[in-house]
Every structure is written in C-alpha cells, then in structure tokens.
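Report on the structure
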Amino acid sequence: MRRVSFNQRISFEEHSTDEVEVMLFHIEHPEISEPVRLSTDPGERLSVDPLAYGTRSTFNGANPVTQPYFFVLVSADLPSDQEDAPAEAAIVLENVTKGIADELQSVTTQATVHMAIVLASSPNLIEAEFRNLKLVRAEGDASEITLSFSRQPIEEESFPAARMTKQRFPGLHR
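In this report, the structure presented in the accompanying data block is examined. None of these values were measured; they are calculated from a predicted model. (Residues numbered from 1 in each chain as written. Predicted model: local features only at pLDDT ≥ 70, side-chain atom pairs only at ≥ 80, totals over all residues. Heavy atoms only, no water.)

1. What to know about the packing of aromatic side chains
Put simply, the test is: Whether two aromatic rings pair depends on their centres lying within 6.5 Å, for rings of Phe, Tyr and Trp, where Trp uses its six-membered ring; planes under 30 degrees apart make the pair stacked, over 60 edge-to-face, and the rest tilted. Only DSSP runs of H or I with at least four residues qualify as helices, and only runs of E with at least two residues qualify as strands; both kinds are numbered from the N terminus onward. Here the term buried applies to any residue with accessible area under 20% of the maximum for its type, exposed to any over 50%, and partly exposed to those in between, with areas from a 1.4 Å probe on protein chains only.
With the rule as written, the count across this model stands at 2 aromatic pairs. Seen in terms of ring centroids, Phe 25 and Phe 149 are 6.3 Å apart; in terms of plane orientation they differ by 70 degrees. Their pairing is edge-to-face. You can see Phe 25 sitting in strand β1 (residues 21-28) and its partner Phe 149 sitting in strand β10 (residues 144-150), a full 124 residues away along the chain. Residue classification places Phe 149 among the buried positions, given a relative accessible area of 1%. Considering the side-chain rings of Phe 59 and Tyr 69, the 6.3 Å spacing of their centres and the 40 degrees angle between planes classify their relative orientation as tilted. Here Phe 59, found in the loop between β4 (52-55) and β5 (69-71), pairs with Tyr 69, found in strand β5; they are 10 residues apart in sequence, far enough to count as distant. Residue classification places Phe 59 among the buried positions, given a relative accessible area of 3%.

2. A word on the pairing of β4
Our working definition: Pairing between strands is defined by DSSP: at least two bridges between the two strands are required.
Pairing between strand β3 (residues 44-47) and β4: 3 bridges, direction antiparallel. Within β4, the position partnered with Ser 47 by the bridge is Ala 52. Direction of pairing for β4 relative to β5: antiparallel, over a ladder of 2 bridges. When the sheet's bridge partners are listed, Gly 54 is paired in β5 with Phe 70.

3. Details of the environment of Ala 89
Looking at the secondary structure, you find Ala 89 in strand β7 (residues 88-94). Sequence spacing of Ala 89 and Met 115 is 26 residues, and the spatial spacing of their C-alpha atoms is 9.8 Å.

Interpretation note: all reported values are geometric properties and have no functional meaning in isolation.
Shown next, in the form of structure tokens:
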C-alpha cells in the first residue's frame, strides 16, 4: 500500500481538479559540479533576465531559494512494472540546442537520476519517488533528446557471485 497525501486523494476523487502533478528530476554526474534540477511545471517565475520559470522544492536536499528546479518542455514516462525487464523511464527534452544534445551524448559513464512526483500546491511533500536510477541512453538531435534511465541491471552484478566455500560459509562445512 502506498501512502498519499490528503490533497492527492482529493485530486484522484475529483472529476475535475485544480491540482497539478509535477515531476522533479535531480540528475547527478561526477563530471559536473552542480546537479541538474528539472521540473515539468512553470509554476513560479525564478528570474527575469534571463526569463526562467520553475518549481521551488526541498526534494533531495535542495535549498528552495538557491537551488530551484528549472522548467523545461519535457514529456515524461513513469517507470513501468514489467515483470521481465527493469523499471525504465524516459524523458524527452524538446527544443534543445545542438550543443546540449552533443554534450549529453558525449558522456561515457552513467549519471544518477532521482525522480519525484509532487503536487504544485505542495512541492515539498513527495507523493512518489524513484531514486538511484541510472541514465542508460541519450538519443536525439538538435530539436529533442530522449534520456532513458533505469535501475542498475541485474546483469551487471559481479561474477562469480559468492561461492559456497568454507571461508565464506563455515556453517555448511562441518
């Protein structure tokens, strides 16, 4: 059973509601000094020059005043629950420049992605979150780029696994 807030339950039960679900993305990589914070809601004007909108939230330890989540035109798919595949999600960033697309595709190591679903009226209350996802693909061109991320695949576990030796499992060898 998943616990949801009162506002979320009301929005589920209403036929038409003013509640807006917002997805927050926190992307970390060893090669960047500051994590990338993205939001699907232009709820608040963050700056005038340059004009920027976004969401102020404390998700993943962010300071809402100095570390807002910036609004981007994005389409998002939540992680799926397929039995034979790891949970995978994808976001499509639209209207990106060629420089951003080239930079995202040039990274050779995996970035870590944390996702959260919040309501625009209560951005500090996390309704659902998906943590420690790995960026597995970045595909696209100058008009849009698709970022796919998933949990750590089971196939990448070390091999061989723990062996049933006398040193590791002494109770089996009496």
